[in-house]
Amino acid sequence: MSKRTTTSTGIVPVFLSSIDQYVEINIVSAKEVAASGKDIILWGPADNYPSYLLDLYRDCATLHSIIDGTTDFIGGNGVGWNSPLFGKDAINRKGMKIYAAVRACARNILMTEGCAIQVIRSVSGEVAELNILDPRFVRSNKENTVFYYCEDFGTRKSHKDVIVYPAFNASLDWSRLDETERSRNVSSILFIKGNDFGTY
């Protein structure tokens with residue numbers, strides 16, 4: 001519910017209320033900070049900015065409605081694709097449909113101004129599988145050439161089980177790569193970001 005008070009100038013300020021007052025009062029900074037001694041850019045001083053954005057999305061009905069409505073608009077009446085590996089509309093072995101993937105990417109871009117997609121190649125180097133990653137668990141170096149996936153990001157200072165991925169390169173000539181380079185690039189991250197002034 002919004003509150004209305006008229007100022008002496010006749011301007012009516014509008015305040016969008018959040019269900020969780022803690023989230024509304026404790027605003028998390030989006031400042032990007034280099035991790036001490038590592039090539040990782042943290043997202044917010046405590047590396048918890050994506051989780052904060054998700055909390056806002058869940059707790060603020062107005063924001064939730066705007067993001068969901070825009071996601072519906074972007075998805076339209078659906079998207080079709082016929083995968084030679086997984087059948088009609090599937091993009092991975094889990095059976096995720098292309099329409100759900102477009103919606104997930106749109107929602108991530110609207111919430112965090114970015115989207116990360118894991119691209120898995122076949123033995124011949126063709127794109128075989130796509131997985132939409134949760135932005136809370138993805139970080140990168142400053143240049144977005146190396147990506148790190150860890151489900152501890154934003155919750156702990158020391159991270160276990162960090163998986164390192166190279167950035168996806170669509171023009172990669174698979175036939176010229178040796179086995180070491182192929183194994184390094186068999187799984188990569190395609191990162192789409194909504195701004196040009198930051199890492200994320």
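Below is a short write-up of the structure.

Quick notes on the rules
Residues numbered from 1 in each chain as written. Predicted model: local features only at pLDDT ≥ 70, side-chain atom pairs only at ≥ 80, totals over all residues. Heavy atoms only, no water. Axes fitted to C-alpha atoms, helices over the stretch in contact; angles between N-to-C directions. Helix = DSSP H or I, 4+ residues; strand = E, 2+ residues; numbered from the N terminus. Parallel < 35°, antiparallel > 145°, perpendicular 65-115°, else oblique. Contact = heavy atoms within 4.5 Å. Nonpolar A, V, L, I, M, F, W, Y, C, P; charged D, E, K, R; others polar. Buried < 20%, exposed > 50% of the residue type's maximum accessible area, 1.4 Å probe, protein only. Core = buried A, V, L, I, M, F, W, Y, C linked by side-chain atoms within 4.5 Å. Salt bridge = Lys/Arg side-chain N within 4 Å of Asp/Glu carboxyl O. Pairing = 2+ DSSP bridges.

1. Quick look at the packing of helix α2 (residues 49-59) against helix α4 (residues 98-112)
Phase 1 of the analysis: In contact at an axis separation of 10 Å, α2 and α4 are set at 105° when each is read in the N-to-C sense. The angle between α2 and α4 places the two elements in the roughly perpendicular class. Judged by residue contacts, Leu53, Leu54 and Tyr57 of α2 engage Arg107, Met111 and Thr112 from α4.
Phase 2 of the analysis: Taken together, the residues that form the contact of α2 with α4 break down as four nonpolar, one polar and one charged.

2. Considerations on the environment of proline 50
Phase 1 of the analysis: Position of proline 50 relative to the elements: it lies in helix α2.
Phase 2 of the analysis: Exposure remark for proline 50: the relative accessible area of 3% places this residue in the buried category.
Phase 3 of the analysis: The sequence separation of proline 50 and valine 138 amounts to 88 residues, and the corresponding C-alpha distance is 9.6 Å.
Phase 4 of the analysis: For proline 50, the contacting residues outside a window of four places in its chain are Trp43, Pro135, Arg136 and Arg139.

3. Quick word on the nonpolar core
Phase 1 of the analysis: Residues Ala116, Leu133, Phe137, Val138, Phe147, Tyr149, Tyr165 and Ile189 constitute the largest nonpolar core, which totals eight residues.
Phase 2 of the analysis: Residues within four places of alanine 116 in sequence aside, it is in contact with Asn131, Ile132, Leu133, Val138, Ile189, Leu190 and Phe191.

4. A look at the pattern of salt bridges
Phase 1 of the analysis: In this structure the tally under the stated criterion is eight salt bridges.
Phase 2 of the analysis: Ionic pairing is found between arginine 107 and aspartate 68, a salt bridge with its closest N-O pair at 3.7 Å. In this pair, arginine 107 is assigned in helix α4 and aspartate 68 in helix α3 (residues 61-75), connecting sequence segments 39 residues apart.
Phase 3 of the analysis: Since its relative accessible area comes to 22%, arginine 107 is described here as partly exposed.
Phase 4 of the analysis: The closest approach of N and O atoms between arginine 93 and glutamate 129, which form a salt bridge, is 2.8 Å. Placement of arginine 93 in the loop between β6 (87-88) and α4 and of glutamate 129 in strand β8 (residues 127-133) is noted, with a sequence separation of 36 residues between them.

5. Looking at the sheet that holds strand β12 (residues 187-193)
Phase 1 of the analysis: Strand order in the open sheet formed by three strands is β8-β7-β12, with antiparallel pairing between adjacent strands. Of all strands in the sheet, those with a lone pairing partner are β8 and β12, marking the two edges. Neighbour-to-neighbour, the strand axes of this sheet turn through a mean angle of 25°, independent of strand direction.
Phase 2 of the analysis: Inspection of the sheet shows strand β7 (residues 114-121) paired to β12 by seven bridges, in the antiparallel sense. Looking at the pairing, isoleucine 117 lines up with leucine 190 of β12.
Phase 3 of the analysis: Contacts from α4 reach β7, β8 and β12 within the one sheet, and its direction differs from that of β7 by about 140°.

6. Focus: unusual backbone geometry
Phase 1 of the analysis: Despite not being glycine, aspartate 47 has its phi angle at roughly 60°, a positive value.
Phase 2 of the analysis: As for its placement among the helices and strands, aspartate 47 is situated in the loop between β4 (41-43) and α2.
Phase 3 of the analysis: Of the residues examined, aspartate 47 reaches a relative accessible area of 4% and is grouped as buried.
Phase 4 of the analysis: For asparagine 144, which is not glycine, the phi torsion reads 60° and is therefore positive.
Phase 5 of the analysis: The class of asparagine 144 is buried, set by a relative accessible area of 16%.

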